[in-house]
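# Descriptive structure summary
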Amino acid sequence: MANGQWYPPEWPDRIRALADGTLTPVTPRRAATVLLLKDTPGGPVVHMLRRRASMAFAGGAYAYPGGGVDPRDDDRQIRWAGPTRAWWAERLGVDAAGAQAIVCAAVRETYEEAGVLLAGPGPDTVVGDTTGDDWEADRAALVARELSFAEFLDRRGLVLRSDLLGAWTRWITPEFEARRYDTWFFVAALPEGQRTRNASTEADRTVWIRPAEAAAGYDKGELLMMPPTIATLRQLLPYGTAAETLAAAPARDLTPVLARARLQDGEIVLSWPGHDEFTKHVPATGTAATAAVTTAEAGTRTKSPAHPPTTTPSTTGGGPV
């Protein structure tokens, strides 16, 4: 396989079932993910985690901190700084309650999976070190959904800093997938005084890596990624600092990217509008299709190293986890 695109072997059968009407698309769940950035002498780097190989979905693939929206964050008003909920609603294409929940998900997931919290005691402040035992107990309660993010902020007397986020892009899982998400991607800069750590039970290591280096690893088949991940990495390349990236966010087009599948000349053609590099041509016959994809995926996994190339040390303590 020429690159590190993760491509599940069951896709061809599911695509055929969708085309012949025997598969009903699953309603996508709302989700958010965050490209956390920091500046280095060599340019901005992005925080990425590698999903455990044992994970049923995208095992071994590199991704950003993120996850599903907690419906409890739709209803409860929280202390909020930055653009209003109405502004975010227009930006994200949802109602005000939904906008609050999506932004909450972005901030909560960054805290749950990277230990970084985009909130502070006031509208112009951000918390410092969040690695103490009391912070860890709250983080674990959030992960277990024993505590909503709104309750967490209230308990701590914190204000959510929505101004530290920039909405970057939006991708919806293809209709033929068994597990679907409507995901808003955000960018944010690592707050001064905070540091990342591998706090996710779904990841076996984390890295800070330059977007160009990560993209090169993908192109060589060394780093496994899903289309939204490598697409967003390439979109970061023109920017020389984290601040430049955040400044560019308000002008970004948030029209959802949704994969399309069609039958053409005995093949299944899978494409993502506006992202031609991900177009796939798969034999339309079940056995051949599954064999072709399985072989391609096996080749990619064989080339994925235990330690990807990176010249930037992880902030988890002396090196990549």
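As the structure is a computational prediction, the values presented were derived from the model and not from experiment.

## Observations concerning the sheet that holds strand β12 (residues 260-264)
What the 3 strands build is an open sheet, ordered β12-β13-β14; its pairing is antiparallel. Strand pairing shows two members of the sheet lacking a second neighbour, β12 and β14 (275-283), which therefore form its edges. The average angle at which neighbouring strand axes cross in this sheet is 20°, direction not considered. Bridge count for β12 against strand β13 (residues 267-272) is 5 bridges, and the pairing is antiparallel. Paired with Q264 across the strands is E267, a residue of β13. Strand contacts of helix α8 (residues 227-236): β13 and β14, with the helix running at about 155° to β14, the strand carrying the most contacts.

## Re the pattern of salt bridges
Taken as a whole and assessed by the stated rule, the structure comprises 19 salt bridges. D70 is the partner of R72 in a salt bridge, and the nearest nitrogen-oxygen pair spans 2.8 Å. Under the relative-accessibility criterion, R72 is labelled partly exposed at 34%. You can call D70 buried: its relative accessible area is 7%. Across the pair D73 and R108 runs a salt bridge whose closest N-O atoms are separated by 3.7 Å. Separated by 35 residues along the polypeptide, D73 in helix α2 (residues 72-75) and R108 in helix α4 (residues 96-114) bring together distant segments of the chain. Among the residues examined, D73 registers a relative accessible area of 0% and is labelled buried.

## Topic: helix α6 (residues 149-156)
Three or more residues of α6 are buried, namely F149, A150, F152 and L153. The buried side chains of α6 occupy one side of the element, clustering within an arc of 160° when seen end-on. Residues of α6 that are buried in the fold lie against α2, α4, β6 (119-120), α5 (133-143) and β7 (159-161). Just downstream of α6 lies G157, where phi reads positive at about 65°.

## Here's the deal with the confidence of the model for the protein
Considering every residue of the protein, the mean pLDDT works out to 83; 82% of them sit at 70 or more. Summarising per-element confidence for the protein, the mean pLDDT is lowest in helix α10 (residues 286-303) (36) and highest in helix α9 (residues 242-248) (98).

## A word on the pairing of β13
Among the 6 residues in β13, 5 count as buried, and that is most of the element. Taken together, β12 and the strand that follows it, β13, pair antiparallel across an intervening segment of 2 residues, in which D265 is found at a positive phi of about 50°.

## A closer look at the pairing of strand β8 (residues 165-172)
Counting buried positions along β8 gives 8 out of 8 residues, so the element sits mostly inside the fold. Sheet topology note: the β8/strand β9 (residues 181-189) ladder contains 7 bridges and is antiparallel. Pairing of A167 across the sheet is with F186, part of β9. Where β8 meets strand β11 (residues 257-258), 2 bridges bridge the pair, whose relative direction is parallel. Bridge pairing in β11 links W171 to V257.

Definitions and limits used
- Residues numbered from 1 in each chain as written.
- Predicted model: local features only at pLDDT ≥ 70, side-chain atom pairs only at ≥ 80, totals over all residues.
- Heavy atoms only, no water.
- Pairing = 2+ DSSP bridges.
- Helix = DSSP H or I, 4+ residues; strand = E, 2+ residues; numbered from the N terminus.
- Axes fitted to C-alpha atoms, helices over the stretch in contact; angles between N-to-C directions.
- Contact = heavy atoms within 4.5 Å.
- Salt bridge = Lys/Arg side-chain N within 4 Å of Asp/Glu carboxyl O.
- Buried < 20%, exposed > 50% of the residue type's maximum accessible area, 1.4 Å probe, protein only.
- Arc of directions from axis to C-beta.
- pLDDT = per-residue confidence, 0-100.

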